[in-house]
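Reading the structure
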Amino acid sequence: MRPAGRHGPALRGSMSRRSAGSGGAMALSGVRVLELAGLAPAPLCGMILADFGARVVRVDRAPRSAVATDVQGRGKRSLALDLKRPPGAAALRRLCGRADVLIEPFRHGVMEKLGLGPEVLLHENPRLIYARLTGFGQTGKYAKSAGHDINYVALSGVLSKLGRKGENPYAPLNLLADFAGGGVLCALGIIIALYERTISGKGQVVDASMVEGIAYISSFLWKSQNLGLWNRPRGENLLDSGAPFYETYKTSDGKFMAVGAIEPQFYDQLIKGLGLDSNKLPSQLSFSDWPEMKKMFASIFAQKTQSEWCSIFDGTDACVTPVLSFDDAPLHQHNKQRSSFIKNDQEEISPRPAPLLSRTPAVPSFKRDPFIGEHTEEILLEYGFTQEEIAKLYSDKVIESNKLKANL
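Residues numbered from 1 in each chain as written. Predicted model: local features only at pLDDT ≥ 70, side-chain atom pairs only at ≥ 80, totals over all residues. Heavy atoms only, no water.

An unreviewed UniProt entry annotates the chain as Alpha-methylacyl-CoA racemase originating from Coturnix japonica. Its UniProt record, at the heading Sequence similarities (unreviewed entry), says of the chain: "Belongs to the CoA-transferase III family." The heading Pathway (unreviewed entry) in the UniProt record of the chain holds the text "Lipid metabolism; bile acid biosynthesis." (UniProt positions renumbered as here; feature names shortened; annotations may be inferred.)

Below, the structure written as C-alpha coordinates:
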(Lines give C-alpha, C1' and ligand atoms only; values in the text may rest on other atoms or scores of the structure.)
Protein backbone atom coordinates (compact mmCIF):
# COMPACT_ATOMS: atom_id res chain seq x y z
CA MET A 1 0.00 0.00 0.00
CA ARG A 2 1.33 3.45 -0.86
CA PRO A 3 2.38 5.76 2.00
CA ALA A 4 -0.53 8.08 1.18
CA GLY A 5 0.48 11.06 3.24
CA ARG A 6 -2.37 12.87 1.48
CA HIS A 7 -4.83 11.21 3.82
CA GLY A 8 -3.90 13.69 6.55
CA PRO A 9 -3.51 13.55 10.32
CA ALA A 10 -7.12 12.59 11.08
CA LEU A 11 -6.29 8.94 10.49
CA ARG A 12 -3.84 8.85 13.38
CA GLY A 13 -5.24 11.41 15.76
CA SER A 14 -8.31 9.45 16.83
CA MET A 15 -6.45 6.98 19.06
CA SER A 16 -3.20 6.83 20.95
CA ARG A 17 -1.69 3.70 22.47
CA ARG A 18 -3.55 3.99 25.77
CA SER A 19 -6.53 6.17 25.03
CA ALA A 20 -10.08 5.88 23.70
CA GLY A 21 -11.49 5.52 27.19
CA SER A 22 -9.74 2.23 27.83
CA GLY A 23 -8.39 3.36 31.18
CA GLY A 24 -5.06 1.75 30.30
CA ALA A 25 -6.41 -1.81 29.96
CA MET A 26 -7.74 -3.70 26.97
CA ALA A 27 -9.95 -6.76 26.95
CA LEU A 28 -7.07 -9.24 26.51
CA SER A 29 -4.46 -7.47 28.66
CA GLY A 30 -2.25 -10.00 30.42
CA VAL A 31 -2.84 -12.82 27.92
CA ARG A 32 0.44 -14.25 26.62
CA VAL A 33 0.35 -15.60 23.06
CA LEU A 34 3.00 -17.46 21.08
CA GLU A 35 2.30 -17.40 17.34
CA LEU A 36 4.42 -19.71 15.21
CA ALA A 37 5.21 -17.78 12.03
CA GLY A 38 3.08 -18.65 9.04
CA LEU A 39 1.24 -17.05 6.14
CA ALA A 40 -2.10 -15.22 6.04
CA PRO A 41 -4.57 -16.85 8.48
CA ALA A 42 -2.39 -17.40 11.56
CA PRO A 43 -0.88 -13.89 11.40
CA LEU A 44 -4.38 -12.38 11.25
CA CYS A 45 -5.42 -14.46 14.24
CA GLY A 46 -2.40 -13.21 16.19
CA MET A 47 -2.97 -9.62 15.12
CA ILE A 48 -6.59 -9.70 16.31
CA LEU A 49 -5.45 -10.87 19.73
CA ALA A 50 -2.67 -8.24 19.82
CA ASP A 51 -5.04 -5.44 18.80
CA PHE A 52 -7.26 -6.24 21.77
CA GLY A 53 -4.39 -6.25 24.25
CA ALA A 54 -2.71 -9.67 24.23
CA ARG A 55 1.10 -9.78 24.35
CA VAL A 56 1.80 -11.65 21.12
CA VAL A 57 5.22 -13.08 20.33
CA ARG A 58 5.76 -14.16 16.74
CA VAL A 59 8.17 -17.11 16.77
CA ASP A 60 10.04 -16.69 13.50
CA ARG A 61 12.22 -19.22 11.81
CA ALA A 62 15.98 -19.21 12.29
CA PRO A 63 18.12 -18.98 10.26
CA ARG A 64 15.87 -16.07 9.32
CA SER A 65 14.99 -15.05 5.79
CA ALA A 66 15.89 -11.60 4.47
CA VAL A 67 12.47 -10.08 5.12
CA ALA A 68 9.42 -10.93 7.17
CA THR A 69 6.49 -12.29 5.20
CA ASP A 70 3.98 -11.33 7.92
CA VAL A 71 2.24 -8.12 6.84
CA GLN A 72 -0.10 -8.51 9.81
CA GLY A 73 2.55 -8.06 12.49
CA ARG A 74 0.91 -5.07 14.15
CA GLY A 75 1.48 -5.04 17.89
CA LYS A 76 3.63 -8.18 17.89
CA ARG A 77 7.23 -8.83 18.92
CA SER A 78 9.56 -11.24 17.12
CA LEU A 79 11.70 -14.08 18.45
CA ALA A 80 13.89 -15.94 15.91
CA LEU A 81 14.21 -19.60 16.93
CA ASP A 82 15.29 -22.76 15.11
CA LEU A 83 12.64 -25.34 16.03
CA LYS A 84 14.25 -28.05 13.93
CA ARG A 85 17.12 -28.36 16.38
CA PRO A 86 16.47 -30.03 19.77
CA PRO A 87 17.62 -27.01 21.83
CA GLY A 88 15.24 -24.82 19.82
CA ALA A 89 12.31 -27.16 20.35
CA ALA A 90 13.21 -27.35 24.04
CA ALA A 91 13.22 -23.55 24.24
CA LEU A 92 9.71 -23.39 22.75
CA ARG A 93 8.51 -26.01 25.24
CA ARG A 94 9.80 -23.83 28.01
CA LEU A 95 8.14 -20.73 26.54
CA CYS A 96 4.84 -22.60 26.30
CA GLY A 97 5.09 -23.37 30.00
CA ARG A 98 4.48 -19.68 30.69
CA ALA A 99 2.13 -18.92 27.79
CA ASP A 100 -1.65 -18.81 27.68
CA VAL A 101 -2.04 -19.48 23.96
CA LEU A 102 -0.05 -21.18 21.21
CA ILE A 103 -1.09 -20.56 17.58
CA GLU A 104 0.26 -23.33 15.37
CA PRO A 105 -0.20 -23.20 11.54
CA PHE A 106 1.77 -26.22 10.36
CA ARG A 107 0.61 -29.29 8.51
CA HIS A 108 -0.76 -32.18 10.53
CA GLY A 109 2.01 -34.07 12.35
CA VAL A 110 4.78 -31.47 12.10
CA MET A 111 4.61 -30.43 15.75
CA GLU A 112 4.47 -34.02 16.91
CA LYS A 113 7.70 -34.79 15.01
CA LEU A 114 9.33 -31.91 16.85
CA GLY A 115 8.15 -33.27 20.19
CA LEU A 116 5.85 -30.28 20.56
CA GLY A 117 2.43 -31.87 20.15
CA PRO A 118 -0.46 -30.93 22.42
CA GLU A 119 -0.11 -34.08 24.54
CA VAL A 120 3.38 -32.87 25.52
CA LEU A 121 2.72 -29.16 25.94
CA LEU A 122 -0.63 -29.54 27.70
CA HIS A 123 0.92 -32.05 30.10
CA GLU A 124 3.55 -29.47 31.05
CA ASN A 125 1.09 -26.55 31.06
CA PRO A 126 -2.49 -27.79 31.57
CA ARG A 127 -3.81 -24.22 31.17
CA LEU A 128 -2.44 -23.78 27.64
CA ILE A 129 -4.84 -23.06 24.76
CA TYR A 130 -3.25 -24.93 21.85
CA ALA A 131 -4.77 -23.53 18.63
CA ARG A 132 -4.11 -25.55 15.48
CA LEU A 133 -5.03 -23.59 12.36
CA THR A 134 -4.94 -25.66 9.16
CA GLY A 135 -6.81 -25.94 5.89
CA PHE A 136 -8.31 -29.39 6.30
CA GLY A 137 -8.18 -29.92 10.05
CA GLN A 138 -6.37 -32.48 12.18
CA THR A 139 -8.26 -35.55 10.92
CA GLY A 140 -9.76 -36.79 7.67
CA LYS A 141 -8.54 -37.88 4.24
CA TYR A 142 -6.93 -34.52 3.39
CA ALA A 143 -5.47 -33.75 6.84
CA LYS A 144 -1.88 -34.13 5.61
CA SER A 145 -2.46 -32.57 2.19
CA ALA A 146 -1.33 -29.16 0.95
CA GLY A 147 -3.90 -26.61 -0.09
CA HIS A 148 -4.80 -22.96 -0.41
CA ASP A 149 -7.86 -20.80 0.14
CA ILE A 150 -9.45 -21.75 -3.18
CA ASN A 151 -9.16 -25.46 -2.34
CA TYR A 152 -10.74 -25.03 1.09
CA VAL A 153 -13.62 -22.94 -0.29
CA ALA A 154 -14.13 -25.59 -2.98
CA LEU A 155 -14.32 -28.45 -0.48
CA SER A 156 -16.76 -26.52 1.72
CA GLY A 157 -19.33 -26.33 -1.07
CA VAL A 158 -19.30 -22.52 -1.09
CA LEU A 159 -17.21 -22.09 -4.25
CA SER A 160 -19.97 -23.75 -6.28
CA LYS A 161 -22.18 -20.74 -5.48
CA LEU A 162 -19.68 -18.03 -6.49
CA GLY A 163 -19.55 -16.78 -10.04
CA ARG A 164 -21.55 -15.18 -12.81
CA LYS A 165 -23.88 -16.95 -15.19
CA GLY A 166 -22.05 -18.94 -17.84
CA GLU A 167 -18.69 -18.54 -16.12
CA ASN A 168 -16.56 -20.83 -13.98
CA PRO A 169 -16.84 -20.53 -10.22
CA TYR A 170 -14.41 -17.96 -8.82
CA ALA A 171 -12.92 -17.37 -5.40
CA PRO A 172 -13.01 -13.79 -4.04
CA LEU A 173 -9.26 -13.36 -3.49
CA ASN A 174 -8.24 -15.41 -0.42
CA LEU A 175 -10.65 -13.72 1.99
CA LEU A 176 -13.13 -16.50 2.71
CA ALA A 177 -11.11 -19.47 3.95
CA ASP A 178 -7.78 -17.91 4.93
CA PHE A 179 -9.17 -14.98 6.84
CA ALA A 180 -12.90 -15.32 7.59
CA GLY A 181 -13.08 -19.09 8.08
CA GLY A 182 -9.46 -19.34 9.24
CA GLY A 183 -7.95 -16.44 11.14
CA VAL A 184 -11.15 -14.93 12.50
CA LEU A 185 -12.79 -18.18 13.59
CA CYS A 186 -9.53 -19.41 15.12
CA ALA A 187 -9.38 -16.22 17.16
CA LEU A 188 -12.99 -16.81 18.20
CA GLY A 189 -12.13 -20.37 19.24
CA ILE A 190 -9.23 -19.09 21.33
CA ILE A 191 -11.42 -16.51 23.08
CA ILE A 192 -14.08 -19.16 23.78
CA ALA A 193 -11.44 -21.51 25.21
CA LEU A 194 -9.95 -18.73 27.34
CA TYR A 195 -13.39 -17.95 28.73
CA GLU A 196 -14.06 -21.62 29.50
CA ARG A 197 -10.69 -21.80 31.25
CA THR A 198 -11.92 -19.22 33.76
CA ILE A 199 -14.48 -21.84 34.82
CA SER A 200 -12.50 -25.10 34.57
CA GLY A 201 -8.95 -23.83 34.99
CA LYS A 202 -7.96 -26.07 32.08
CA GLY A 203 -6.64 -25.44 28.60
CA GLN A 204 -7.61 -27.38 25.49
CA VAL A 205 -6.89 -27.88 21.80
CA VAL A 206 -8.63 -25.69 19.22
CA ASP A 207 -8.84 -27.57 15.89
CA ALA A 208 -9.54 -24.74 13.44
CA SER A 209 -10.18 -26.13 9.95
CA MET A 210 -10.57 -23.54 7.21
CA VAL A 211 -12.88 -25.86 5.26
CA GLU A 212 -15.21 -26.11 8.24
CA GLY A 213 -14.73 -22.44 9.07
CA ILE A 214 -15.97 -21.20 5.71
CA ALA A 215 -18.76 -23.81 5.72
CA TYR A 216 -19.86 -22.55 9.13
CA ILE A 217 -19.78 -18.93 7.98
CA SER A 218 -21.96 -19.97 5.03
CA SER A 219 -24.66 -21.44 7.31
CA PHE A 220 -27.12 -18.92 5.89
CA LEU A 221 -26.58 -20.32 2.40
CA TRP A 222 -27.22 -23.86 3.59
CA LYS A 223 -30.26 -22.95 5.67
CA SER A 224 -31.82 -20.69 3.04
CA GLN A 225 -31.75 -23.15 0.14
CA ASN A 226 -35.35 -24.15 0.84
CA LEU A 227 -36.45 -20.51 0.70
CA GLY A 228 -35.77 -20.33 -3.03
CA LEU A 229 -32.75 -18.06 -2.78
CA TRP A 230 -30.38 -20.51 -4.47
CA ASN A 231 -32.62 -22.82 -6.50
CA ARG A 232 -31.63 -21.33 -9.86
CA PRO A 233 -28.31 -21.89 -11.69
CA ARG A 234 -25.25 -19.99 -10.48
CA GLY A 235 -25.41 -16.31 -11.43
CA GLU A 236 -29.20 -16.25 -11.78
CA ASN A 237 -30.20 -15.90 -8.13
CA LEU A 238 -31.02 -12.97 -5.89
CA LEU A 239 -27.57 -12.38 -4.39
CA ASP A 240 -25.13 -13.85 -6.93
CA SER A 241 -25.36 -11.20 -9.68
CA GLY A 242 -28.61 -12.51 -11.12
CA ALA A 243 -30.81 -9.67 -9.89
CA PRO A 244 -30.56 -6.18 -11.43
CA PHE A 245 -31.08 -4.64 -7.99
CA TYR A 246 -28.12 -6.51 -6.42
CA GLU A 247 -25.28 -5.69 -8.79
CA THR A 248 -22.46 -3.28 -9.58
CA TYR A 249 -22.71 -0.76 -12.41
CA LYS A 250 -20.06 1.27 -14.24
CA THR A 251 -20.30 5.04 -14.20
CA SER A 252 -19.33 7.56 -16.89
CA ASP A 253 -15.95 8.20 -15.26
CA GLY A 254 -14.99 4.52 -15.24
CA LYS A 255 -15.82 3.95 -11.58
CA PHE A 256 -18.60 1.80 -10.13
CA MET A 257 -21.70 1.93 -7.94
CA ALA A 258 -22.93 -0.96 -5.79
CA VAL A 259 -26.68 -1.58 -5.69
CA GLY A 260 -28.36 -3.69 -2.99
CA ALA A 261 -32.00 -2.60 -3.15
CA ILE A 262 -33.62 -5.92 -2.20
CA GLU A 263 -36.66 -4.89 -0.16
CA PRO A 264 -39.55 -3.31 -2.12
CA GLN A 265 -39.34 0.02 -0.30
CA PHE A 266 -35.64 0.27 -1.07
CA TYR A 267 -36.20 -0.81 -4.67
CA ASP A 268 -38.76 1.97 -5.09
CA GLN A 269 -36.14 4.52 -4.06
CA LEU A 270 -33.63 3.00 -6.48
CA ILE A 271 -36.13 3.32 -9.33
CA LYS A 272 -36.88 6.90 -8.34
CA GLY A 273 -33.19 7.83 -8.20
CA LEU A 274 -32.66 6.35 -11.65
CA GLY A 275 -35.46 8.55 -12.99
CA LEU A 276 -37.67 5.61 -13.96
CA ASP A 277 -41.42 5.11 -13.59
CA SER A 278 -42.17 1.93 -11.61
CA ASN A 279 -45.58 1.67 -13.27
CA LYS A 280 -43.90 1.14 -16.62
CA LEU A 281 -41.49 -1.53 -15.40
CA PRO A 282 -41.90 -5.29 -14.91
CA SER A 283 -42.37 -6.67 -11.39
CA GLN A 284 -39.19 -6.51 -9.30
CA LEU A 285 -39.11 -10.31 -8.96
CA SER A 286 -39.88 -11.17 -12.57
CA PHE A 287 -36.86 -13.41 -13.17
CA SER A 288 -37.36 -13.53 -16.92
CA ASP A 289 -37.06 -9.74 -17.13
CA TRP A 290 -33.91 -9.47 -15.03
CA PRO A 291 -31.42 -9.58 -17.96
CA GLU A 292 -33.13 -6.71 -19.75
CA MET A 293 -33.53 -4.75 -16.54
CA LYS A 294 -29.80 -5.08 -15.89
CA LYS A 295 -29.05 -3.69 -19.33
CA MET A 296 -31.40 -0.76 -18.67
CA PHE A 297 -29.87 0.00 -15.30
CA ALA A 298 -26.36 -0.26 -16.77
CA SER A 299 -27.14 2.25 -19.52
CA ILE A 300 -28.54 4.73 -17.01
CA PHE A 301 -25.65 4.44 -14.55
CA ALA A 302 -23.23 4.97 -17.44
CA GLN A 303 -24.66 8.46 -18.02
CA LYS A 304 -23.34 10.04 -14.79
CA THR A 305 -20.12 10.06 -12.78
CA GLN A 306 -19.76 8.22 -9.51
CA SER A 307 -19.82 11.52 -7.64
CA GLU A 308 -23.04 12.56 -9.37
CA TRP A 309 -24.72 9.28 -8.43
CA CYS A 310 -23.57 9.72 -4.84
CA SER A 311 -25.21 13.14 -4.73
CA ILE A 312 -28.45 11.50 -5.87
CA PHE A 313 -28.45 8.47 -3.57
CA ASP A 314 -26.64 9.66 -0.44
CA GLY A 315 -29.17 10.23 2.31
CA THR A 316 -31.71 7.84 0.78
CA ASP A 317 -32.55 4.23 1.58
CA ALA A 318 -31.98 3.07 -1.99
CA CYS A 319 -29.00 0.98 -0.80
CA VAL A 320 -26.71 2.47 -3.45
CA THR A 321 -23.09 3.22 -2.51
CA PRO A 322 -19.84 3.96 -4.35
CA VAL A 323 -17.33 1.16 -4.95
CA LEU A 324 -14.28 2.70 -3.32
CA SER A 325 -10.64 1.96 -4.05
CA PHE A 326 -8.09 1.43 -1.26
CA ASP A 327 -6.97 5.01 -1.88
CA ASP A 328 -10.48 6.40 -1.64
CA ALA A 329 -11.95 4.36 1.23
CA PRO A 330 -10.01 6.17 4.01
CA LEU A 331 -11.07 9.50 2.51
CA HIS A 332 -14.80 8.79 2.45
CA GLN A 333 -16.71 11.00 4.85
CA HIS A 334 -18.40 8.12 6.68
CA ASN A 335 -15.13 6.26 7.24
CA LYS A 336 -13.37 9.46 8.33
CA GLN A 337 -16.11 10.25 10.83
CA ARG A 338 -15.70 6.82 12.43
CA SER A 339 -11.89 6.80 12.14
CA SER A 340 -12.24 3.47 10.38
CA PHE A 341 -8.67 3.55 9.07
CA ILE A 342 -5.45 4.28 10.94
CA LYS A 343 -1.89 5.17 9.98
CA ASN A 344 1.25 3.81 11.65
CA ASP A 345 4.54 5.60 12.18
CA GLN A 346 5.65 4.48 8.70
CA GLU A 347 2.66 6.28 7.13
CA GLU A 348 1.09 2.92 6.22
CA ILE A 349 -2.69 2.84 6.27
CA SER A 350 -4.69 -0.13 7.52
CA PRO A 351 -8.19 -0.83 8.86
CA ARG A 352 -8.84 -0.10 12.52
CA PRO A 353 -9.64 -3.16 14.67
CA ALA A 354 -13.28 -4.21 14.79
CA PRO A 355 -15.69 -4.49 16.46
CA LEU A 356 -15.72 -1.46 18.74
CA LEU A 357 -16.01 -2.12 22.46
CA SER A 358 -17.48 0.74 24.50
CA ARG A 359 -15.38 0.30 27.65
CA THR A 360 -12.29 -1.68 26.66
CA PRO A 361 -11.78 -0.96 22.96
CA ALA A 362 -8.85 -2.25 20.95
CA VAL A 363 -5.98 0.23 20.88
CA PRO A 364 -3.73 -0.90 18.03
CA SER A 365 -0.03 -0.25 17.99
CA PHE A 366 1.10 2.53 15.70
CA LYS A 367 4.63 1.13 15.53
CA ARG A 368 5.94 -0.53 12.39
CA ASP A 369 5.74 -4.32 12.17
CA PRO A 370 8.65 -6.09 13.90
CA PHE A 371 11.78 -7.22 12.12
CA ILE A 372 12.47 -10.94 12.36
CA GLY A 373 14.33 -11.60 15.60
CA GLU A 374 14.09 -7.99 16.77
CA HIS A 375 13.00 -8.88 20.31
CA THR A 376 14.68 -12.26 20.77
CA GLU A 377 16.69 -11.52 23.90
CA GLU A 378 14.00 -9.32 25.46
CA ILE A 379 11.37 -12.06 25.11
CA LEU A 380 13.57 -14.84 26.46
CA LEU A 381 14.43 -12.78 29.54
CA GLU A 382 10.75 -12.04 30.06
CA TYR A 383 9.96 -15.77 29.91
CA GLY A 384 12.58 -16.65 32.55
CA PHE A 385 15.74 -17.46 30.58
CA THR A 386 19.02 -16.33 32.12
CA GLN A 387 21.69 -14.35 30.28
CA GLU A 388 23.91 -17.43 30.38
CA GLU A 389 21.22 -19.61 28.80
CA ILE A 390 20.61 -17.00 26.12
CA ALA A 391 24.33 -16.77 25.38
CA LYS A 392 24.44 -20.56 24.95
CA LEU A 393 21.49 -20.46 22.53
CA TYR A 394 23.32 -17.79 20.54
CA SER A 395 26.56 -19.78 20.45
CA ASP A 396 24.65 -22.88 19.34
CA LYS A 397 23.00 -20.77 16.60
CA VAL A 398 19.56 -21.75 17.85
CA ILE A 399 18.37 -18.14 18.16
CA GLU A 400 19.04 -14.96 16.19
CA SER A 401 18.73 -11.26 16.92
CA ASN A 402 18.08 -8.39 14.57
CA LYS A 403 18.76 -5.49 16.94
CA LEU A 404 21.29 -3.74 14.69
CA LYS A 405 18.93 -3.50 11.76
CA ALA A 406 16.07 -2.47 14.03
CA ASN A 407 18.03 0.49 15.38
CA LEU A 408 18.96 1.89 11.98
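1. Here's the deal with the overall build of the chain
A tally of regular secondary structure across the chain gives 16 helices and 12 strands. On the principal axes, the C-alpha backbone points of the chain span a range of 85 × 50 × 40 Å. By residue count, 45% of the 408 residues in the chain fall in the buried class. Of the contacts formed within the chain by residues at least 6 apart in sequence, a portion of 67% connects residues at least 24 apart. (Helix = DSSP H or I, 4+ residues; strand = E, 2+ residues; numbered from the N terminus. Buried < 20%, exposed > 50% of the residue type's maximum accessible area, 1.4 Å probe, protein only. Contact = heavy atoms within 4.5 Å.)

2. Examining the pattern of salt bridges
Counting across every chain of the model gives 19 salt bridges. Measuring nitrogen to oxygen at the nearest pair gives 3.0 Å for the salt bridge that ties arginine 94 to glutamate 389. Of the two residues, arginine 94 is situated in helix H3 (residues 86-96) and glutamate 389 in helix H15 (residues 387-395); the sequence distance between them amounts to 295 residues. Using a relative accessible area of 34% as the deciding quantity, one classes arginine 94 as partly exposed. A salt bridge links glutamate 347 to lysine 343, with the nearest nitrogen and oxygen atoms 3.4 Å apart. With relative accessibility at 4%, the residue lysine 343 sits in the buried group. (Salt bridge = Lys/Arg side-chain N within 4 Å of Asp/Glu carboxyl O.)

3. Some remarks on the nonpolar core
If you look at the biggest cluster of nonpolar residues, it comprises 32 residues, and the most contacted ones within it are Val33, Leu49, Val101, Ile103 and Ile190. Put simply, the parts of the chain that give this core at least two residues each are helix H2 (41-51), strand E4 (101-104), strand E5 (129-134), helix H6 (149-156), helix H7 (175-200), strand E6 (204-209) and helix H8 (210-217). For this core, the element with the most residues is H7, which contributes six residues. Discounting chain neighbours no more than four positions away, the residues touching leucine 49 are Leu28, Val33, Ala54, Val56, Ile103, Ile190 and Ile191. Ranked by size, the runner-up nonpolar core spans 29 residues in total, among them Leu34, Val59, Leu122 and Ile379. (Core = buried A, V, L, I, M, F, W, Y, C linked by side-chain atoms within 4.5 Å.)

4. Some details on the sheet that holds E6
Taken together, the seven strands give an open sheet; going across it, the order is E6-E5-E4-E1-E2-E3-E12, and neighbouring strands pair in mixed fashion. Each edge of the sheet is formed by a strand with only one pairing partner; in this case those strands are E6 and strand E12 (399-400). Here three bridges tie strand E1 (residues 32-36) to E4, and the two strands are oriented parallel to one another. Within E4, the position partnered with leucine 34 by the bridge is leucine 102. Running over the sheet, H8 touches E5 and E6 and is turned about 75° from E6. (Pairing = 2+ DSSP bridges. Axes fitted to C-alpha atoms, helices over the stretch in contact; angles between N-to-C directions.)

5. A closer look at the packing of aromatic side chains
Scanning the model with the defined rule gives 10 aromatic pairs in all. Seen in terms of ring centroids, phenylalanine 136 and tyrosine 142 are 5.3 Å apart; in terms of plane orientation they differ by 70°. Their pairing is edge-to-face. Note on phenylalanine 136: relative accessible area 14%, which makes it buried. Considering the side-chain rings of phenylalanine 301 and tryptophan 309, the 4.9 Å spacing of their centres and the 50° angle between planes classify their relative orientation as tilted. For phenylalanine 301, a relative accessible area of 0% translates into the label buried. (Phe/Tyr/Trp six-rings, centres within 6.5 Å; stacked < 30°, edge-to-face > 60°.)

6. Points about the side chain of arginine 132
Examined against the element boundaries, arginine 132 turns out to sit in strand E5. You can call arginine 132 buried: its relative accessible area is 4%. Within the local environment of arginine 132, its side chain forms a polar contact with the side chain of glutamate 104, the two groups lying 2.7 Å apart. When residues no more than four places from it in sequence are discounted, the contact partners of arginine 132 are Glu104, Met111, Glu112, Pro118, Gln138, Val205, Val206, Asp207 and Ala208. (Polar contact = N/O pair within 3.5 Å; in protein donor to acceptor, adjacent residues only side chain to side chain.)

7. Some remarks on the sheet that holds strand E8 (residues 256-260)
Strand order in this open sheet of three strands is E7-E8-E9, and the pairing throughout is antiparallel. The open sheet has two free edges, formed respectively by strand E7 (246-250) and strand E9 (320-322), since each of these has just one partner strand. Along the sheet, successive strands turn relative to each other by an average axial angle of 25°, direction set aside. Of the strand pairs in this sheet, E7 and E8 are connected by five bridges, and their pairing is antiparallel. Its bridge partner being in E8, threonine 248 is matched across the sheet by alanine 258. Of the strands in this sheet, E7, E8 and E9 are in contact with helix H11 (residues 290-301), which crosses E7 at around 40°. Its contacts with the sheet put helix H12 (residues 306-313) on E8 and E9, and the angle it makes with E8 is roughly 30°.

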